[in-house]
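Descriptive analysis of the structure
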Amino acid sequence: MWIVRLSFDGDPARLALRPAHRERLTALHAEGRVRMAGPYADGTGAVIVFDTPDRATLDALIAEDPYYAAPGVTADIREWTTIIP
């Protein structure tokens, strides 16, 4: 499993990409590839929990969504081992 922590620097350019990003997350959730996702309450970022077999698969999913490369968006990606699923 993978945790993707997004940070936003306040650049409003990302907002134009957000609706498509959320639609993509919804579709990936329906496929079982996203377990949960949502923004921080203060609007400074978000967390997405991906369930993919490897980093290459995760990278391919991220590459398909331009939101991750939007101005003002940075991502920190960590592999996560769950003990309570």
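A brief report on the enclosed structure follows. (Residues numbered from 1 in each chain as written. Predicted model: local features only at pLDDT ≥ 70, side-chain atom pairs only at ≥ 80, totals over all residues. Heavy atoms only, no water.)

As for its position among the elements, R14 is in the loop between β1 (2-8) and α1 (18-30). Contact partners of R14, with chain neighbours within four places excluded, come to F8, G43, Y67, A70, P71 and V73. (Helix = DSSP H or I, 4+ residues; strand = E, 2+ residues; numbered from the N terminus. Contact = heavy atoms within 4.5 Å.)

Once that is clear, we can look at the environment of Y67. Considering the arrangement of structural elements, one finds Y67 in the loop between α2 (55-63) and β4 (73-79). Exposure remark for Y67: the relative accessible area of 2% places this residue in the buried category. On a C-alpha basis, the gap between Y67 and A13 in space is 9.8 Å, while along the polypeptide they are 54 residues apart. Dropping the residues within four chain positions of it, Y67 is found in contact with L6, F8, R14, L17, R18, H21 and V73. At 2.9 Å, the side chain of Y67 and the side chain of R14 are in polar contact. (Buried < 20%, exposed > 50% of the residue type's maximum accessible area, 1.4 Å probe, protein only. Polar contact = N/O pair within 3.5 Å; in protein donor to acceptor, adjacent residues only side chain to side chain.)

With that out of the way, let us pick up the packing of aromatic side chains. Two aromatic rings, taken as a pair, are described by how far apart their centres are and by the angle between their planes. Applying the stated rule across the entire model yields 1 aromatic pair. Look at F8 and Y67: their rings are 6.2 Å apart centre to centre, the planes differ by 80°, and that puts the pair in the edge-to-face class. Here F8, found in strand β1, pairs with Y67, found in the loop between α2 and β4; they are 59 residues apart in sequence, far enough to count as distant. As far as the burial class goes, F8 and Y67 line up, both buried. (Phe/Tyr/Trp six-rings, centres within 6.5 Å; stacked < 30°, edge-to-face > 60°.)

Taken as a whole, the largest pocket spans an internal volume of roughly 170 Å³. Lining the largest pocket are 14 residues; nearest its centre among them are R18, R22, G38, P39 and A46. Every element with two or more residues in the lining of the largest pocket is listed here: α1, β2 (34-39) and β3 (45-50). In terms of residue count, α1 provides more of the lining of the largest pocket than any other element does, 4 residues in total. In the lining of the largest pocket, the residues fall into 8 nonpolar, 3 polar and 3 charged. (1 Å grid on protein atoms, 1.4 Å probe; cavity = no way out; pocket = protein on both sides within 12 Å on 5 of 7 lines; lining within 4 Å. Points joined across faces, edges and corners; volume = space filled by probe spheres on them. Nonpolar A, V, L, I, M, F, W, Y, C, P; charged D, E, K, R; others polar.)

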